[in-house]
Amino acid sequence: KQRLHSPPLPPPNQIPRRRPPPPPPAAMGDPQFTIGTSMSDILATMERDGHDPATISLGINAMLCFVYDYLPEPPVSLTASLSLAGASWVPDGVDRISRLPDVLLRDIISRLSAKDAARTAALSSRWPPLWRSAPLALFDINLFPDGDASPSPCAVTAAVSGALAAHPGPFRCVHLICSTMDKHRGEMARWIDILVAKGVQELVFVNRPWPIDLRLPATIFSCASLTRLYLGIWRLPDTAAVPRGVSFPNLRELGLCWNVMEDRDLAFMLERSPVLEFLGIMGSQTGVRVRLVSHSLRCVQLGFSFMEDIDVVDAPRLERLFQWETVSAVNSRAMANRSFRIKIGHAPNLRVLGYLQPGEQELVVVAGSKENIVPSVQILAMEVQFGARNAVKKVPGFLRCFPNLETLHVQSPRILEESIGKVNLKFWQEGGPIKCVLQSLKKLFFYEFRGSRSEVAFLKFIAERGRVLEQMVVVVAKECFSPGGDGVNAKLKPLTNAKWNSKGCKLELFKSPLTDVAGPICSHRHASDLGFADPFDLKYYYKSETISVS
């Protein structure tokens, strides 16, 4: 397990590139508790309530680990060494690289980190002008003094200021994620002014707390050169005071991680980004109402956030909509009703959708058709509480909204409380036809099967009604293999003995390689990769053993 350190915080280059399990939003209580509160007040409150104040550092580190994992990988290597040690194999020792045209040499330099790019100036008198005219890639992690894995924040801030001032621009890519910005507000404002003036194209900017709601300077909205922007642990600028003419004419990718923002702030950024194709909101400090009006968006990811509503109003190019580990925002209408609304309007190209949560979310389709359907969706993922009758009863209605569905992923989470009602096969048989099950469903993936009667009834219904079903994959939870259990064969027997409608369907059974699965296994990188056909099928179960049923 990853060890989380006490302050000073661990530098990002020491944190594994995997998503740590962040505390689920539902367990975080009222997020307003930490917003606008000083560290001394929070520590005093924790001590007064009988909590160990030292645990606050663990929470801060967990937040940073979460944010760092979501950030895009640097486009250049930060570990490769720039060395002439391999040059001895050249027979005549002639420097042929320096003979290349300037345009190629600038391209080479732009693919190096800022530290290595600056070192090229020592090669010959020809290189310094090339370095100053090449687009630069700057990463504050790479500016750490050699051998110093955890330099002081002041040293990092000074190094960044020096690097930004030394190069005339443009900056191809800048990652600033190591500075405690509250102590360097003046430098922060100057950095943004420089980046705007020198035409930064890709910017990743993270505030290392505390505070967690430090206001980001509004000058960030003046950076028209941006093509990719990731912001982490900030309070977004008040867009009501931003000039009307401000826009992001070149922005294609926007990632917002654990920020404080108003509804109008998100609407402003969507409205002023005419070519934006990817939007990701991973973690939020306050409730978010997502209203999608964009003629350019192709992929939207929402995760680990407090939600009020998700409303797809007009998104004609939207292909993928992901949401997982989202809960109703505190004090919202959704919290009062114990569900929040996902509303799908004009999205004619929406092909991939999930994870929906019947019983926890209300699905409203206003796509303009009398049937209230979304015919474009071909891949759907759902998280279904099979131990809760009210949740299972919502599933048929959800499925009827997607008449052309071809692939269905179903996650069955562990029921922590005693089951509330059960659903048997009769419920499914008497519920009326479901068009996608009868006519289009080809693949079903069922994760963390535990053998409950409700789970078996659902799978048996699909097997006996699916006319074109080609593949059913069932990943059996590890707990089913514990000594003294009912036995995997007994749990699966009703399914294997079913009268399968599609005689050519292949049933594949796997033992889950995971333990204590709390929710869907997701990959935000696969989700945003439009070349990855089915981003829900991560095939992690193939690493485990198959199950043969006698």
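In this text, all values refer to a predicted model and were calculated from it rather than measured experimentally.

**Examining the overall build of the chain**
Regarding its fold elements, the chain presents 16 helices and 19 strands. Here the chain holds 550 residues, and 51% of them are scored as buried. When contacts within the chain are restricted to residue pairs at least 6 apart in sequence, long-range pairs at least 24 apart make up 72% of them. When the accessible surface of the chain is split by element, carbon and sulfur atoms take 52% of a total near 24900 Å².

**Observations regarding the nonpolar core**
Among the nonpolar cores identified, the biggest contains 158 residues, and F205, F402, L408, F458 and M472 are the most heavily contacted of them. The element contributing the most residues to this core is helix α2 (residues 55–70), with 8 residues. For L408, the residues in contact, after removing those within four places along its chain, are L380, M382, L399, L441, K443, L444, F445 and F458.

**Considering helix α14 (residues 453–465)**
For α14, with 13 residues, the first-to-last C-alpha span of 18 Å sits near the 18 Å given by 1.5 Å per residue. The complete set of buried residues in α14 reads S454, E455, V456, A457, F458, L459, F461, I462 and A463.

**Here's the deal with empty space enclosed by the protein**
Using the criterion set out here, one finds 2 cavities of 30 Å³ or more in the structure. When its volume is computed, the largest cavity comes out at roughly 40 Å³. As for the largest cavity, its lining consists of F322, W324, Y355, I521, C522, S523, A527, P535 and F536. Considering only residue class, the lining of the largest cavity consists of 8 nonpolar, 1 polar and no charged. The volume enclosed by the second largest cavity comes to roughly 40 Å³. Contributing to the lining of the second largest cavity are Y355, Q411, Y447, I521, F536, L538 and Y540. Here the lining of the second largest cavity is composed, by residue class, of 6 nonpolar, 1 polar and no charged.

**Considerations on the confidence of the model for the chain**
The predicted coordinates should not be examined in detail at positions where pLDDT is low. Of all residues in the chain, 82% have pLDDT values of 70 or greater, and the mean over the chain is 82. Segment residues 331–338 is flagged for pLDDT under 50; beyond a separation of four residues in sequence, or across chains, it makes 15 contacts in the model.

**Things to note about the packing of aromatic side chains**
Taken as a whole, this structure holds 20 aromatic pairs when the rule is applied. Pairing Y355 with F536 gives two aromatic rings, centres 5.3 Å apart and planes at 80°, and the pair type is edge-to-face. Placement of the pair is Y355 in strand β13 (residues 352–356) and F536 in the segment after α16 (524–528), with a sequence separation of 181 residues. Each member of the pair, Y355 as well as F536, is classed as buried.

**Considering the packing of α14 against helix α15 (residues 488–496)**
In a pair of packed helices, the angle between the axes and the distance between the axes together describe the arrangement. Viewed as axis vectors pointing N to C, α14 and α15 meet at an angle of 30°, and their least axial separation amounts to 9 Å. In terms of orientation, α14 and α15 fall into the roughly parallel class. Viewed along their axes, α14 and α15 form a crossing whose handedness is right-handed. Every residue of α15 that contacts α14 at V456, L459, K460 and A463 is listed here: K491, P494 and L495. When its residues are assigned to classes, the contact of α14 with α15 shows 5 nonpolar, no polar and 2 charged.

**What to know about the side chain of D311**
Along the chain, D311 falls in strand β9 (residues 306–314). Sequence-distant contacts of D311, defined by excluding residues within four places in its chain, comprise V290, R291, L292 and K343.

**Comments concerning unusual backbone geometry**
Backbone torsion omega between G169 and P170 reads 5°, so that peptide bond is classified as cis. Considering the arrangement of structural elements, one finds P170 in the loop between α6 (153–166) and β2 (171–176). Look at the link from G354 to Y355: it is a cis peptide, with omega at -5°. Backbone geometry places I233, a non-glycine residue, at a positive phi of 65°. In this fold, I233 is placed in the loop between β4 (228–232) and β5 (253–259). Its identity is not glycine, yet F304 carries a phi of approximately 50°, on the positive side.

**Quick notes on the pattern of salt bridges**
A full pass over the atoms with the stated rule returns 15 salt bridges. When the shortest N-O distance is used, the salt bridge between D537 and K539 registers 2.8 Å. On the accessibility criterion, D537 (8% relative accessible area) is buried. Overlapping salt bridges bring together D263, R289, E308 and D309 as one network.

**Some details on a nonpolar patch on the surface**
Taken together, I97, L100, V103, L104 and I108 make up a surface patch of nonpolar side chains, about 420 Å² in accessible area. Within the fold, L104 resides in helix α3 (residues 102–110).

**Thoughts on the environment of Q411**
Along the chain, the position of Q411 falls in strand β16 (residues 407–411). The buried category is assigned to Q411, whose relative accessible area is 2%. The contacts of Q411, once residues within four sequence positions are left out, are Y355, M382, E383, V384, Y447, E448, V517, G519, P520 and I521.

**Here's the deal with the packing of α6 against helix α7 (residues 185–197)**
With their axes 11 Å apart at the nearest point, α6 and α7 run at an angle of 25° to one another. The angle between α6 and α7 places the two elements in the roughly parallel class. Note on packing geometry: the crossing formed by α6 with α7 is left-handed. Between α6, through T157, V160, S161 and L164, and α7, the contact on the second element is made entirely by E187, W191, I194 and L195. Each residue belonging to the contact of α6 with α7 can be placed in one class, and the counts come to 5 nonpolar, 2 polar and 1 charged.

**Here's the deal with the environment of S376**
Positionally, S376 belongs in the loop between β14 (361–365) and β15 (379–383). Considering only alpha carbons, one finds S376 and R351, 25 residues apart in sequence, at a separation of 5.5 Å. The residues touching S376, leaving out its near neighbours within four places in the chain, are A347, P348, N349, L350 and R351.

**Here's the deal with the pairing of strand β3 (residues 202–206)**
Of all the 5 residues making up β3, 4 are buried; the element is thus mostly covered by neighbouring parts of the structure. By the bridge criterion, 4 bridges tie β2 to β3 in an arrangement that is parallel. Bridging across to β3, H175 finds its partner in V204. For the crossover from β2 across α7 to β3, the handedness is right-handed. Pairing of β3 with β4, which is carried by 5 bridges, proceeds in the parallel orientation. Bridge pairing in β4 links E202 to R228.

Procedures and definitions
- Residues numbered from 1 in each chain as written.
- Predicted model: local features only at pLDDT ≥ 70, side-chain atom pairs only at ≥ 80, totals over all residues.
- Heavy atoms only, no water.
- Helix = DSSP H or I, 4+ residues; strand = E, 2+ residues; numbered from the N terminus.
- Buried < 20%, exposed > 50% of the residue type's maximum accessible area, 1.4 Å probe, protein only.
- Contact = heavy atoms within 4.5 Å.
- Areas by Shrake-Rupley, 256 points an atom, 1.4 Å probe, with all protein chains shown as cover.
- Core = buried A, V, L, I, M, F, W, Y, C linked by side-chain atoms within 4.5 Å.
- Expected span 1.5 Å × (residues − 1).
- 1 Å grid on protein atoms, 1.4 Å probe; cavity = no way out; pocket = protein on both sides within 12 Å on 5 of 7 lines; lining within 4 Å.
- Points joined across faces, edges and corners; volume = space filled by probe spheres on them.
- Nonpolar A, V, L, I, M, F, W, Y, C, P; charged D, E, K, R; others polar.
- pLDDT = per-residue confidence, 0-100.
- Phe/Tyr/Trp six-rings, centres within 6.5 Å; stacked < 30°, edge-to-face > 60°.
- Axes fitted to C-alpha atoms, helices over the stretch in contact; angles between N-to-C directions.
- Parallel < 35°, antiparallel > 145°, perpendicular 65-115°, else oblique.
- Left-handed = near helix turned anticlockwise from the far one by under 90°.
- Salt bridge = Lys/Arg side-chain N within 4 Å of Asp/Glu carboxyl O.
- Patch = residues over 30% accessible without salt bridge, like charges linked within 9 Å, V, L, I, M, F, W, Y side chains within 5 Å.
- Pairing = 2+ DSSP bridges.
- Right-handed = clockwise from strand over helix to strand, strands pointing away.

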